[in-house]
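Notes for the structure review
Now for the letters of each chain:
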Amino acid sequence: SGFIIQAWYWGGPLAPLLPRRTWGLLHAVGAMLFGGLVITSTLYEAMVILYGDPHVRHWWFAKVSTIDAGFALPSLGLTMISGICLAEVKYGTLQMSPGYVVLTLETLVVFAVIWGLLDQGTQGPAKERCTADWEAWMQSGGKVEELEHLPRVLKARLVVNAVSCSFILLLYWIMVMKPECQPWTL
């Protein structure tokens, strides 16, 4: 947050280190990695929840926090830092940048807070439930019908992931609809 505040009023120390095209490339790569990961992992998790047996669910929820820590958070950080630096190179400070830049940053911050609360808040209980189901499934010799069809926490994960994807789609929409990208302005 200190980085954002400094960039808002005075500009940060990182922006002058790289040319505008490099910040733009880093921003595009970070945004594609982050958005693609959120959407792809959402679709994959939905298939695991809806069609996976307890073994597959147990495996996925044992790995999802590692995927978040290893890929989602670094690509989110790259996207935010490069986007802020790109705005600084183009406009001087975040405060001087056009409204769509500020709207994008605000949307990303709201997304991060919601993602941190809801997604991270349901991962632990989902992992615990899937582990318990997997253990019961293994003890029963693989009889799935003895387990609850779709636990409530997994239904909540489907909703949380849909909300996350809607934020990603909103961010992409803002970036595509910015005045600089309209065909009549090129």
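1. A closer look at the pattern of salt bridges
- Per the stated rule, a full pass over the model turns up three salt bridges.
- With a shortest N-O distance of 2.8 Å, Arg-157 and Glu-45 are connected by a salt bridge. With Arg-157 in helix α5 (residues 152–177) and Glu-45 in helix α2 (residues 20–51), this residue pair connects regions lying 112 residues apart in the sequence.
- Of the residues examined, Glu-45 reaches a relative accessible area of 2% and is grouped as buried.
- We note a salt bridge from Asp-133 to Arg-129, for which the minimum N-O separation is 3.0 Å. With a gap of four residues between them, Asp-133 and Arg-129 both fall in helix α4 (residues 99–139), about one helical turn apart.
- For Asp-133, a relative accessible area of 10% corresponds to the buried category.
- Salt bridges sharing common partners tie together Glu-45, Asp-119 and Arg-157.

2. A word on a nonpolar patch on the surface
- Taken together, the side chains of Leu-25, Val-29, Met-32, Leu-33, Leu-169 and Tyr-172 make up a nonpolar region of the molecular surface, amounting to roughly 580 Å² of accessible area.
- Of all elements in the fold, only α2 and α5 reach the threshold of two or more residues within the nonpolar patch.
- Per element, the largest residue contribution to the nonpolar patch is four residues, and it comes from α2.
- Of note, Leu-25 is situated in helix α2.
- Among the residues examined, Leu-25 registers a relative accessible area of 56% and is labelled exposed.

3. Some details on the nonpolar core
- In this structure, Phe-34, Leu-94, Leu-108, Phe-111 and Ile-168 are the most contacted members of the largest nonpolar core, which totals 20 residues.
- Among the elements that make up this core, the one with the highest residue count is α4 (six residues).
- Beyond its immediate sequence surroundings of up to four residues, Leu-108 is in contact with Leu-76, Met-80 and Leu-171.
- In this structure, Val-48, Ile-49, Trp-60 and Leu-150 belong to the second largest nonpolar core, which totals 10 residues.

4. Some remarks on the packing of aromatic side chains
- Evaluation of the coordinates by the stated rule reveals four aromatic pairs.
- Taken together, a centroid distance of 6.4 Å and an interplanar angle of 45° make the contact between Trp-59 and Trp-60 tilted.
- In this structure Trp-59 comes out as partly exposed when scored by relative accessible area, which is 41%.
- The class of Trp-60 is buried, set by a relative accessible area of 4%.
- Three or more aromatic residues joined by ring pairs form one cluster here, namely Phe-34, Phe-111 and Phe-167.

5. Re the confidence of the model for the protein
- Per-residue confidence for the protein averages 87 on the pLDDT scale, and 94% of its residues sit at or above 70.
- When mean pLDDT is compared element by element in the protein, α2 scores highest at 93, while helix α1 (residues 2–9) scores lowest at 76.

6. Remarks on the state of the cysteines
- Within the structure shown, the criterion is met by zero disulfides.
- The thiol sulfur of Cys-130 is not disulfide-bonded, and the nearest other cysteine sulfur, from Cys-165, lies at 19 Å.

7. Some thoughts on empty space enclosed by the protein
- Taken as a whole and judged by the stated rule, the model has one cavity of 30 Å³ or more.
- Quantified by volume, the largest cavity comes out at close to 160 Å³.
- Val-38, Ser-41, Asp-68, Trp-115 and Asp-119 are the residues nearest the centre of the largest cavity, which is lined by 17 residues in total.
- Elements supplying a minimum of two residues to the lining of the largest cavity: α2, α3 (54–91), α4 and α5.
- Counting residues per element, the lining of the largest cavity draws most heavily on α2, which supplies six residues.
- When grouped by side-chain class, the residues that make up the lining of the largest cavity number eight nonpolar, five polar and four charged.

Reading guide: rules and limits
- Residues numbered from 1 in each chain as written.
- Predicted model: local features only at pLDDT ≥ 70, side-chain atom pairs only at ≥ 80, totals over all residues.
- Heavy atoms only, no water.
- Salt bridge = Lys/Arg side-chain N within 4 Å of Asp/Glu carboxyl O.
- Helix = DSSP H or I, 4+ residues; strand = E, 2+ residues; numbered from the N terminus.
- Buried < 20%, exposed > 50% of the residue type's maximum accessible area, 1.4 Å probe, protein only.
- Patch = residues over 30% accessible without salt bridge, like charges linked within 9 Å, V, L, I, M, F, W, Y side chains within 5 Å.
- Areas by Shrake-Rupley, 256 points an atom, 1.4 Å probe, with all protein chains shown as cover.
- Core = buried A, V, L, I, M, F, W, Y, C linked by side-chain atoms within 4.5 Å.
- Contact = heavy atoms within 4.5 Å.
- Phe/Tyr/Trp six-rings, centres within 6.5 Å; stacked < 30°, edge-to-face > 60°.
- pLDDT = per-residue confidence, 0-100.
- Disulfide = S-S within 2.5 Å.
- 1 Å grid on protein atoms, 1.4 Å probe; cavity = no way out; pocket = protein on both sides within 12 Å on 5 of 7 lines; lining within 4 Å.
- Points joined across faces, edges and corners; volume = space filled by probe spheres on them.
- Nonpolar A, V, L, I, M, F, W, Y, C, P; charged D, E, K, R; others polar.

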